[in-house]
Amino acid sequence: MSFFVELKRRNVFRVGVAYLVGGWLLLQLTEVLSELLKLPEEVGPIVVAIVAIGFPIALFFAWAFELTPDGVKRESEVDRSQSITPQTGKKLNNTILVMMAVAIAYLLFDKFSAPEMGSEPFSQEPTEQVIEDGDEKRDPAPADATPVINRQSIAVLPFDNRSNREEDEFFVEGMHDDLLTNLAKIGSLKVISRTSVARYKDTEIPIPDIAKELDVATVMEGAVQRAGNTVRINVQLIDAQTDEHLWAEIFDRELTTDNLFAIQSEISQKIAGALEATLSPQEQQAISDKPTENLAAYNAYLLGRQLMARRGTEDLTRAQQEFQRATELDPDFALAWVGLAETALLLGGNNRLSIPETMTMVEDAANKALAINEQLGEAYLSLAEVDDFHERSEQAEANYRKAIELSPGYATAYQWYSDFLDDYPHRRREALGVLRKAEELDPMSSIIQKEIADQLGLLGQFDAAENLLKNLMQSDPDFAPAYQEMAELMDTTGRFDEQVMWLRKASELDPHNVGMHNDQVYALLDMGDTEGLADIKRRIADVDDRHWAMGWVETLESLQQKNYVAALESAKWVDRQLGGIPQFQNVFGWVHLLNNDYQKARQSFSIAFPKFFDRTTWRSGIEEDPSTGCFMAYVMSRSGDEALSVDLLNMTLSYLENELPNYIDHADRYFYAGCYLMTGDLEKTMDQMEISLAHGHYGGWWIRSNLPLFDPLRGTERYEALMQTIRDTAASQRASLARMELEAGP
């Protein structure tokens, strides 16, 4: 009898197969129980080792022993004529089949049991939990996996000021900032941005720990000493894993712009070489450019950069003055023109310039910069913002992408591009992905964390956004935009009393930011509190008594009082202050509509929302602003264009019901009620309004409910009950605000 036949007779093969299938099932069970019971990580490897060791032992026992009616006996002791191995083999076959069926069932369950994504239009549950307890859910890595760190990544820590003179501090910070800007032009390098490394100034945290926090492979330290007409710059590049120096050098030079830029270029090239980064000819040129020959202009530029980084309104104003001085000292200083463009954008709405004047200033400054150096990504970024304002969407996106192409390490380019993308609900997840790239480059940046919270809110991930903002306030308690963003979230979720308190905290931190005072007006009106408007106007006047926001508060107050003649007059003053921008025609449209003048309303709305008055651009308009589609259909209907109204209404409703809920959660924030009213379905209208109220999405109902559109609902039991609930909630929130004010003290 051959050896192979004997193996089959003794059921060795069957035992082996049964053992392997059973072992695999045991490993799956171990994995599940380890997660459920929080077993130590060592349990899994131990079970694997036991299964592996047991396999040859099982084969040996199958060969050497046999199961008989009298129990287990050595095979040599069993009479072949009395052997029951065929019957044992059949039992093993059945056992194998059962275990394989269990294994197949498990695999099918594991593959197909995941829930499908999606949500109903008015679902309160999110389609995707982006953040849980403040931390984003990401695909889990194996327990023993080592994080993969990009070897071409670097954090340049703030340079030490060795001269110990306060007036030299801005110079040292500026040198550090300029080096980061230079390195950010090298596409193959991951360079951590200024705001994230700034917190490590004068730190005693070990280099390996800093590198781990910032997720980089290398860290650079440096020191600058300025003495008279000389400067000494000492830098060293450190491998974070070994804590060993990869490269170090001391530069002693005469203090001239030529020498400063030559040192920066040399340091950038040495870093690129040490990290084995390949520089394209364009990148080589970019890091070798000498922005200016004028040392005084360069000093003004450096001071402007440091002031702009603080983002406060007063700091931005001073930064703009420094950039202006730099351009006067050297009209060919391209980066100074970029600084002028960026500060103008950041100051928009907080000075006396009209918005068109601001955009003209930005565009002129950016174009002057590009006329000097066409490879400045920062200049293209400013032009993209101008294009976006003028609704030149395709050109805007092209310029955002050009900015990122030329300055791939510039976190702000990703941040502003994300702001552009989030105007379109169907691109908001893409916008969040772009922001994650900005976060990778600037992981400790408060403004980027605030923007991520904003994106989560736009996606309907309200709890995630709130948790992130709370963490941000804890880590950076003096960052005013975090409190302003929290206030916006309170507005979206109907917590208007809390909205006011968050805005007041933001105003304390940035008292010259008129926008934070202005936003309080909406919250007070949502609570039916008109008495607080006088205090808001006083605070705005303290900043600038000719600011357009003074007239805007009066316009809203007149609208609340249904004094549409007065609202129209104050709105005209605001329009003149803003420079007659097309978007403000929306306000005139509302006033005319509330005053039942539908032809004038249509004229104004056609200027504010031209895409809705051209059938060929309806889809684009709906994708950007779905709520306005049905609203404009109503305007068309009341102004005598019924056929066009019906077509626009149907296209908008189709998008709202069939597409929008796939892109965001809490789609009931949008104006479904107006759409259903247009169709005459009052039951569906009330269903939607009740859901929106339950979710807190009813800001602005104090003015919206005055529209003639809602006349068919007035006097009905459900509608009047809903409006009473809104009034009761407003009264409760006014009382709550009074208590919070009392607790906060003067």
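Within every chain, residues take consecutive numbers counted from 1 along the sequence as written. Only residues with pLDDT of at least 70 are given local features in this predicted model, and only at 80 or more are side-chain atom pairs given and counted; all residues enter the totals for whole chains, interfaces and linings. To get the side-chain values, all heavy atoms of the structure are used, and hydrogens and water are removed first.

Peer 1: What am I meant to see in unusual backbone geometry here?
Peer 2: One can expect most non-glycine residues to show negative phi and most peptide bonds to be in trans. In this structure, Asp 215 is a non-glycine residue whose phi angle is positive, near 60°. Positioned with a positive phi, His 666 is a non-glycine residue whose angle comes to about 55°. Think of it this way: any DSSP run of H or I at least four residues long counts as a helix, any run of E at least two long counts as a strand, and we number them from the N terminus. Among the structural elements, His 666 can be located in the loop between helix 31 (660-663) and helix 32 (672-679). Relative accessibility decides the category of a residue: with a 1.4 Å probe and only protein chains considered, values under 20% of the type maximum give buried, values over 50% give exposed, and everything between is partly exposed. Its relative accessible area of 8% is what places His 666 among the buried residues.

Peer 1: Please explain the environment of Val 500 as it appears in this structure.
Peer 2: Its place among the elements puts Val 500 in helix 21 (residues 496-509). For the pair Val 500 and Glu 488, spaced 12 residues apart in sequence, the C-alpha separation works out to 9.9 Å. For Val 500, the residues in contact, after removing those within four places along its chain, are Gln 520, Ala 523, Leu 524, Met 527 and Leu 737. Residue contacts are counted whenever heavy atoms from the two residues lie within 4.5 Å of one another.

Peer 1: Can you walk me through helix 35 (residues 717-744) in this structure?
Peer 2: In an α-helix, one full turn covers 3.6 residues, which means residues spaced three or four apart are oriented alike. If you check helix 35, its first and last C-alpha atoms are 40 Å apart, about what 28 residues at 1.5 Å a residue would give, namely 40 Å. Along helix 35, the residues classified as buried are Tyr 719, Leu 722, Met 723, Ile 726, Ala 730, Gln 733, Ser 736 and Leu 737. Backbone geometry just after helix 35 places Gly 745 at a positive phi near 80°. In this scheme, a helix's expected span is set at 1.5 Å multiplied by one less than its residue total.

Peer 1: Honestly, the side chain of His 695 in this entry has me stumped. Any pointers?
Peer 2: Mapped onto the elements of the fold, His 695 is located in the loop between helix 33 (682-694) and helix 34 (701-704). Overall, the relative accessible area of 11% leaves His 695 in the buried class. Here a polar contact is recorded for every N or O atom pair within 3.5 Å, except that within protein the pair must consist of a potential hydrogen donor and a potential acceptor, and residues adjacent in sequence are included only if both atoms are side-chain atoms. A distance of 3.5 Å separates the side chain of His 695 from the side chain of His 666, its partner in a polar contact.

Peer 1: Would you take a moment to explain the environment of Met 99 for this structure?
Peer 2: By secondary structure assignment, the location of Met 99 is in helix 4 (residues 85-112). Met 99 sits 75 residues away from Trp 24 along the chain, and the two C-alpha atoms are 9.8 Å apart. If we skip the residues at most four places from it in the chain, Met 99 touches Ala 18, Val 21, Gly 22 and Leu 25.

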